[in-house]
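Structural overview
Spelled out, the chains give:
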Amino acid sequence: MLGWTDAEDFLQGLKAVGIAPEQLKAILLTHWHNDHSAGAAFLKRKFDVPVYYGAGDEPFLTRQTATQGIRGWLGKHVPEEGVLVLLRGLLEEAAPEAVSANHLVIDGEIIEGCFRVLATPGHTGGHAAFVHEPTRSLFCGDALAVVANRLRLMARPVTPDLPAARASALRCLREEVEFICPGHRGPLVENVREECLQLGKYLEGGGRWPLLG
Ligand SMILES: [Zn+2]
């Protein structure tokens, strides 16, 4: 089983694309959910790199929100496996290990010289997306989803603020990027403009947020 809190899954991913972990320059977190942030504290410590994330998610990433009692106990005992890793975080209401930000990102700013920040609340209060300007690639976290080469949305039960999520998704769709790299599954690399236009029209037309994404 690949670990999350020890970033084993992330390090295996780097290896798969031929990047040495020593080349790591910074950690950009889109949001606090365990399945996106669990290894950040370990990576920050081991490779001494700066961490960036949105202020709205800071209490969760620094574990100020961590639940105590039976819920917290249960959360700690959920195995870090598959979708369970998210359940673990949701039960605990915090990342498994506190990670402080070197910089709290602000909408519109450029970080690390090449990533533009898009504040994209909805899925979480401090969710942020990042546009890699040199390649016009959008790292959208869970503000959008990609399933079978189609743009989708995250499921309604994991979208606590639907109006904000709708506005954030539309913001992402209007970026006119070349590639979309979501927080789950593979990137969208073909028909990106068409997919953005289509989902944008649906949302602008008042289309319902799909129950299952
Ligand atoms: Zn999430």
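This report concerns the structure included in the present document. Since the model is a prediction, treat every value here as computed from it, not as a measurement. (Residues numbered from 1 in each chain as written. Predicted model: local features only at pLDDT ≥ 70, side-chain atom pairs only at ≥ 80, totals over all residues. Heavy atoms only, no water.)

Attention now moves to the sheet that holds strand E4 (residues 110-111). With mixed pairing, five strands are arranged side by side in an open sheet as E4-E5-E6-E7-E10. One side of each edge strand has no neighbouring strand; the edge strands of this open sheet are E4 and strand E10 (179-182). Of the strand pairs in this sheet, E4 and strand E5 (residues 115-119) are connected by two bridges, and their pairing is antiparallel. Counterpart to Ile-111 in the pairing with E5 is Phe-115. Docked against the sheet, helix H7 (residues 162-173) engages E5, strand E6 (128-132) and strand E7 (137-141), running at close to 150° with respect to E5. (Pairing = 2+ DSSP bridges. Helix = DSSP H or I, 4+ residues; strand = E, 2+ residues; numbered from the N terminus. Contact = heavy atoms within 4.5 Å. Axes fitted to C-alpha atoms, helices over the stretch in contact; angles between N-to-C directions.)

The buried fraction of E6 amounts to five of the five residues, a majority that puts the element mostly inside the structure. Burial along E6 is two-sided: Ala-128, Phe-130 and His-132 facing one way and Ala-129 and Val-131 facing the other are all buried. Pairing between E5 and E6: five bridges, direction antiparallel. In the strand pairing of E6, Ala-119 is matched with Ala-128. Where E6 and E7 come together, three bridges link them in antiparallel fashion. Looking at E7, one finds that His-132 is bridged to Ser-137. What sits between E6 and E7 in their antiparallel hairpin is a turn of four residues, with Arg-136 showing a positive phi close to 50°. (Buried < 20%, exposed > 50% of the residue type's maximum accessible area, 1.4 Å probe, protein only.)

Let us now look at the packing of H7 against helix H8 (residues 192-204). Orientation of H7 relative to H8, taken along the N-to-C sense of each, is 150°, at an axis distance of 9 Å. Classed by the angle they form, the pair H7 and H8 counts as roughly antiparallel. Relative to H8, the crossing made by H7 is left-handed. On H8, the residues touching Arg-166, Ala-169, Leu-170 and Leu-173 of H7 are Cys-196, Leu-199, Gly-200, Leu-203 and Glu-204. When its residues are assigned to classes, the contact of H7 with H8 shows six nonpolar, one polar and two charged. (Parallel < 35°, antiparallel > 145°, perpendicular 65-115°, else oblique. Left-handed = near helix turned anticlockwise from the far one by under 90°. Nonpolar A, V, L, I, M, F, W, Y, C, P; charged D, E, K, R; others polar.)

So far we have only geometry, and geometry alone does not tell us how the molecule works.
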